[in-house]
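Each chain is listed here by its residues.
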Amino acid sequence: MRRPRKPELPLVHRLKAAAEERHTVYLVHPGALDASVHGNLADALPDGIGLTVLDLGGVAEYWQAALTGGHADTTLDALAARLMTAVGVGSGDGPYLLAGWSFGGVVAHAMTALAAPRRRPSRLVLLDSIAPVDAYKHDDDALEPSLLLNWFAMYLGAKRGRPVPVGEEQLAGLGTEDGLKVLLEAAIAAEVLLPSTPLPGLRKLYDTYVDGLLRNNRLTLPHRPTPSPVPVVLVRADRGLVPGDRGMGWESLAPYGLDVRECPGDHYTMLLRSDAATTVASLLTQP
C-alpha cells in the first residue's frame with residue numbers, strides 16, 4: 001500500500017500576536033477538526049494576549065497513523081519535544097500558558113515536564129482532556145463500540161454543523177454495525193447526511209475516525225506521566241467524553257490543585273460556540 005503523502009498543513013498557526021509585556025497561549029490541537037476552529041477563542045481573548053495553535057496534524061508521523069490503522073511511528077514524549085522546539089516554547093523571556101484540547105491536553109501536559117524550572121508556563125489549561133493515567137488506559141479491544149459511536153456522533157455533528165440527535169441510551173449495548181445503522185437513520189432525518197448516503201460510506205468515515213482514536217490510545221499506553229509542575233485547570237464540556245468523572249483522572253497529576261470549570265457544548269462544539277470561547281478565554285487572561 002502506498003504511504004499517504006504529507007499534507008499541506010502547517011505545524012504552527014499564529015492566530016493572534018501578543019503585545020509587549022503580555023503573554024502568549026500555546027494551544028496543542030490534535031486534529032479531527034481544522035485548527036481554524038480556535039479562531040473563536042482568539043477573538044474572545046483580550047487585546048494583547050497572543051494565541052498560537054500547535055497542530056499535530058502538521059506532524060507527518062502522527063497524522064498518517066489515522067490512515068494506516070492507527071499505528072504511529074513516534075511517541076508521546078517525542079511529540080511533546082517536537083512542539084517545544086517548533087516555536088521555542090519555554091526558551092524566550094516572556095510569560096506564557098500551555099493549553100490543549102482532547103489528546104492535545106495530554107501532549108501539553110508532557111510539555112510542562114520538558115521546560116526548565118525558570119521557564120515553565122504559569123498554568124496548564126486542559127480542554128475536555130482525559131488524563132493519561134492507568135484508569136483510562138485501555139487495550140484496543142476494551143473500547144466499547146457504544147462509547148466510540150457516541151463520540152463519533154458528536155464528531156459528525158460538529159463536522160456537518162448540525163447535531164446528530166442520538167442519545168447514549170439509543171446506542172447502549174449496540175455493536176458497530178447496528179449502531180451505525182441507528183446513526184445513519186438519525187443523521188439523514190436531521191439532514192446532517194444526504195438520504196443517498198450509503199452505510200458503507202459512513203462505515204469508512206467511522207473507521208478512519210476510530211483509527212485516530214486508536215493512535216492516541218496507543219501513544220498513551222506506554223507513557224508514564226509525572227505530576228504537573230504548574231497549576232492545572234480542566235474545562236469540561238457539558239457533554240464531554242467522560243460524563244461520570246468530574247476530574248477526568250487529572251487529580252493525581254495536579255499536586256498544586258485541580259481547578260475544574262464547565263463550559264457549554266459537547267467535546268467538539270465547545271470549540272465552535274462563542275459562549276464556550278468566552279468561558280475558556282476568561283481562564284487564559286491572566287499569565
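Note: the structure precedes this text.
The rules behind these values
Residues numbered from 1 in each chain as written. Predicted model: local features only at pLDDT ≥ 70, side-chain atom pairs only at ≥ 80, totals over all residues. Heavy atoms only, no water. Phe/Tyr/Trp six-rings, centres within 6.5 Å; stacked < 30°, edge-to-face > 60°. Helix = DSSP H or I, 4+ residues; strand = E, 2+ residues; numbered from the N terminus. Buried < 20%, exposed > 50% of the residue type's maximum accessible area, 1.4 Å probe, protein only. Lys NZ or Arg CZ within 6 Å of the ring centre and 35° of its normal. Contact = heavy atoms within 4.5 Å. 1 Å grid on protein atoms, 1.4 Å probe; cavity = no way out; pocket = protein on both sides within 12 Å on 5 of 7 lines; lining within 4 Å. Points joined across faces, edges and corners; volume = space filled by probe spheres on them. Nonpolar A, V, L, I, M, F, W, Y, C, P; charged D, E, K, R; others polar.

Caption draft 1: View of the packing of aromatic side chains. Counting across every chain of the model gives eight aromatic pairs. Ring centres 5.7 Å apart and planes at 65 degrees place the aromatic pair Tyr-155 and Tyr-268 in the edge-to-face group. Linking Tyr-155 in helix H5 (residues 145–160) with Tyr-268 in the loop between strand E7 (258–266) and helix H9 (274–283), this pair joins segments that are 113 residues apart in sequence. Assessed through its relative accessible area of 10%, Tyr-155 is described here as buried. In this structure Tyr-268 comes out as buried when scored by relative accessible area, which is 4%. Aromatic rings pair up to connect Trp-101, Phe-152, Tyr-155, Tyr-206, Tyr-209 and Tyr-268 into one cluster. When the ring centre of Tyr-62 is taken as reference, the NZ or CZ atom of Arg-215 above it lies at 3.7 Å.

Caption draft 2: Summary view of the side chain of Arg-236. Here Arg-236 is to be found in strand E6 (residues 232–239). The class for Arg-236 is buried, based on a relative accessible area of 7%. Excluding residues within four positions of it along the chain, Arg-236 makes contact with Asp-128, Val-242, Pro-243, Asp-245, Arg-246, Met-248, Val-260, Arg-261, Glu-262 and Cys-263.

Caption draft 3: Spatial organisation of empty space enclosed by the protein. Counted by the stated rule, this structure contains one cavity of 30 Å³ or more. Roughly 80 Å³ of internal volume is contained in the largest cavity. Of all the secondary-structure elements, those providing two or more residues to the lining of the largest cavity are helix H1 (39–44) and H9. For the lining of the largest cavity, the per-class residue count stands at seven nonpolar, two polar and no charged.

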